[in-house]
Amino acid sequence: MPTIKILPHPEYAPEGAEIQANVGDSICEALLDHHIDIEHACEMSCACTTCHVIVRQGGNSLNPAEEEEEDLLDRAWGLEPQSRLSCQAIVAKEDLTVEIPRYSINHAKENH
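Since this is a predicted model, take the numbers as computed values, not measurements.

**Considering the sheet that holds strand β3 (residues 52-57)**
The 5 strands are arranged β2-β1-β5-β3-β4 in an open sheet whose pairing can be described as mixed. This sheet does not close on itself; its edge strands, each paired only once, are β2 (17-20) and β4 (83-85). The mean inter-strand angle of the sheet, taken between neighbouring strand axes irrespective of direction, is 35 degrees. In the sheet, strand β1 (residues 3-6) pairs with strand β5 (residues 96-99) via 3 bridges, with the strands oriented parallel. Within β5, the residue paired with Ile6 across the bridge is Val98.

**Some thoughts on the nonpolar core**
If you look at soluble globular proteins, the nonpolar side chains tend to sit buried side by side. Core analysis: the biggest nonpolar cluster contains 27 residues, and Ile4, Ile6, Ile27, Leu31 and Ile100 have the highest contact counts within it. For this core, the elements supplying multiple residues, two or more each, are β1, α1 (27-33), β3, α2 (67-73) and β5. Among the elements that make up this core, the one with the highest residue count is α1 (4 residues). If we skip the residues at most four places from it in the chain, Ile100 touches Ile6, His9, Tyr12, Leu31, Ile36, Ile38 and Val53.

**Details of the pairing of β3**
Pairing of β3 with β4 involves 3 bridges; the strand directions are antiparallel. When the sheet's bridge partners are listed, Val53 is paired in β4 with Arg84. Across 3 bridges, the pairing between β3 and β5 is antiparallel. Directly across from Ile54, in β5, lies its bridge partner Glu99.

**Section: a negative patch on the surface**
On the surface, a cluster of negative charge is contributed by Glu66, Glu67, Glu68, Glu70, Asp71 and Asp74. Relative to the helices and strands, Glu66 resides in the loop between β3 and α2.

What counts, and at which threshold
Residues numbered from 1 in each chain as written. Predicted model: local features only at pLDDT ≥ 70, side-chain atom pairs only at ≥ 80, totals over all residues. Heavy atoms only, no water. Pairing = 2+ DSSP bridges. Helix = DSSP H or I, 4+ residues; strand = E, 2+ residues; numbered from the N terminus. Axes fitted to C-alpha atoms, helices over the stretch in contact; angles between N-to-C directions. Core = buried A, V, L, I, M, F, W, Y, C linked by side-chain atoms within 4.5 Å. Buried < 20%, exposed > 50% of the residue type's maximum accessible area, 1.4 Å probe, protein only. Contact = heavy atoms within 4.5 Å. Patch = residues over 30% accessible without salt bridge, like charges linked within 9 Å, V, L, I, M, F, W, Y side chains within 5 Å. Areas by Shrake-Rupley, 256 points an atom, 1.4 Å probe, with all protein chains shown as cover. Salt bridge = Lys/Arg side-chain N within 4 Å of Asp/Glu carboxyl O. Lys, Arg positive; Asp, Glu negative; His and termini not counted. Charge placed at Lys NZ, Arg CZ, Asp CG, Glu CD.

Okay, structure coming up:
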């Protein structure tokens, strides 16, 4: 079972976190399963960028981003070459380190 290390984020993981993920789950699903309530305004349907993460380590083990995801990422705040939509990035067997950007495209957050 791979480990996802979440770098400190003032709201979602103030001291950082390490969680176990199921192979085949999205990063977003793994975070939510462990009460790291990352935004996902489109309910993980690849229609927004609120679940944007930066994969600092292990990104090569993830499924490749499809064109739809890449097009959406162009609108994400803080876009970097290692950026992914966490709802589309599927966990493989390698451990990951992810950073949740401080801001998202949402001006108002929804409770999920």
